[in-house]
Amino acid sequence: MSLLQNIVIILILIAGAGFLSLTEIALAGARKVKLKILAESGEHRAQKVLDLQENSADFFAASQIGLNAVAILGGILGEGAFRPYIYNFVSRFYQGPWAENISFALSFTVVTSLFILFADLMPKRLAMIAPEKIAVSVIEPIQIFIKVCKPLAWFINAIANMLFRLFKVNTIRDDN
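Draft legend 1. Structural detail: the layout of surface pockets. In this structure, the largest pocket occupies an estimated 600 Å³ of space. As for the largest pocket, its lining consists of 21 residues, of which Gln53, Ser56, Ala57, Phe60 and Thr171 are closest to the centre. Secondary-structure elements contributing two or more residues to the lining of the largest pocket are helix 1 (3-29), helix 3 (44-54), helix 4 (57-93) and helix 6 (131-166). A class-by-class count of the residues in the lining of the largest pocket yields eleven nonpolar, six polar and four charged. Taken as a whole, the second largest pocket spans an internal volume of roughly 280 Å³. What lines the second largest pocket is a set of 17 residues, among which Leu67, Ala71, Thr112, Phe115 and Ile116 lie closest to the centre. Listing elements by their share of the lining of the second largest pocket, those giving two or more residues are helix 1, helix 4 and helix 5 (99-129). When residues in the lining of the second largest pocket are grouped by element, the largest group, nine residues, is from helix 5. For the lining of the second largest pocket, the per-class residue count stands at nine nonpolar, four polar and four charged.

Draft legend 2. Broad picture of the packing of aromatic side chains. According to the stated counting rule, one finds three aromatic pairs in the structure shown. Ring plane angle 65 degrees and centroid distance 5.1 Å describe the contact between phenylalanine 89 and phenylalanine 93, whose orientation is recorded as edge-to-face. Here phenylalanine 89 and its partner phenylalanine 93 are both found in helix 4, four residues apart, which amounts to about one turn of the helix. What makes phenylalanine 93 exposed here is its relative accessible area of 64%. Pairing phenylalanine 104 with phenylalanine 108 gives two aromatic rings, centres 6.2 Å apart and planes at 20 degrees, and the pair type is stacked. Remark: phenylalanine 108 and phenylalanine 104 occur in helix 5; sequence separation between them is four residues, near one turn of the helix.

Draft legend 3. Seen up close, the nonpolar core. Judged by nonpolar contacts, the single largest core of 38 residues is most densely connected at Leu27, Leu35, Val49, Leu52, Phe115 and Ile142. Going through the elements one at a time, helix 1, helix 3, helix 4, helix 5 and helix 6 are the ones with two or more residues in this core. Sorting elements by how many residues they give to this core places helix 4 first, with ten residues. Contact partners of isoleucine 142, with chain neighbours within four places excluded, come to Phe19, Leu20, Thr23, Leu27, Leu52 and Phe59.

What counts as what
- Residues numbered from 1 in each chain as written.
- Predicted model: local features only at pLDDT ≥ 70, side-chain atom pairs only at ≥ 80, totals over all residues.
- Heavy atoms only, no water.
- 1 Å grid on protein atoms, 1.4 Å probe; cavity = no way out; pocket = protein on both sides within 12 Å on 5 of 7 lines; lining within 4 Å.
- Points joined across faces, edges and corners; volume = space filled by probe spheres on them.
- Helix = DSSP H or I, 4+ residues; strand = E, 2+ residues; numbered from the N terminus.
- Nonpolar A, V, L, I, M, F, W, Y, C, P; charged D, E, K, R; others polar.
- Phe/Tyr/Trp six-rings, centres within 6.5 Å; stacked < 30°, edge-to-face > 60°.
- Buried < 20%, exposed > 50% of the residue type's maximum accessible area, 1.4 Å probe, protein only.
- Core = buried A, V, L, I, M, F, W, Y, C linked by side-chain atoms within 4.5 Å.
- Contact = heavy atoms within 4.5 Å.

This is how it looks when you write it as structure tokens:
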């Protein structure tokens, strides 16, 4: 693949991960009181958000599946795509035995930094500004995503629930 194709793929992966990060914080941070007011005023999506908050295990499992899969794929593709170009740059200044390792470290750092900034930090901070508005806006596409991830999410949740029971961890949220 060309550098441009790799950049486009990385940007798509960053956008997908950013959407999942934004969604995760918005749905977790949306206040029930505000959502109930929206639902009572006729916003049917607010009730969907409330319903998801009541049973959020599938969402969080699906979100983690998506975020981790995208991050791993982005790392693999990004590092492989950028390393030759970074190696050419590094070799202008250093041609010793560590040039390949330096190029790997720099390409890894670039890709990781892009994901941290644009797929994690910025979307989460944006979601904290207006969690209810964002949660209501993203609820329908995220419900489709949850359905797609349902089989793997069920398996991961089964293991998590078993571990919670084993260590006697209460998983019921107390809103009082």
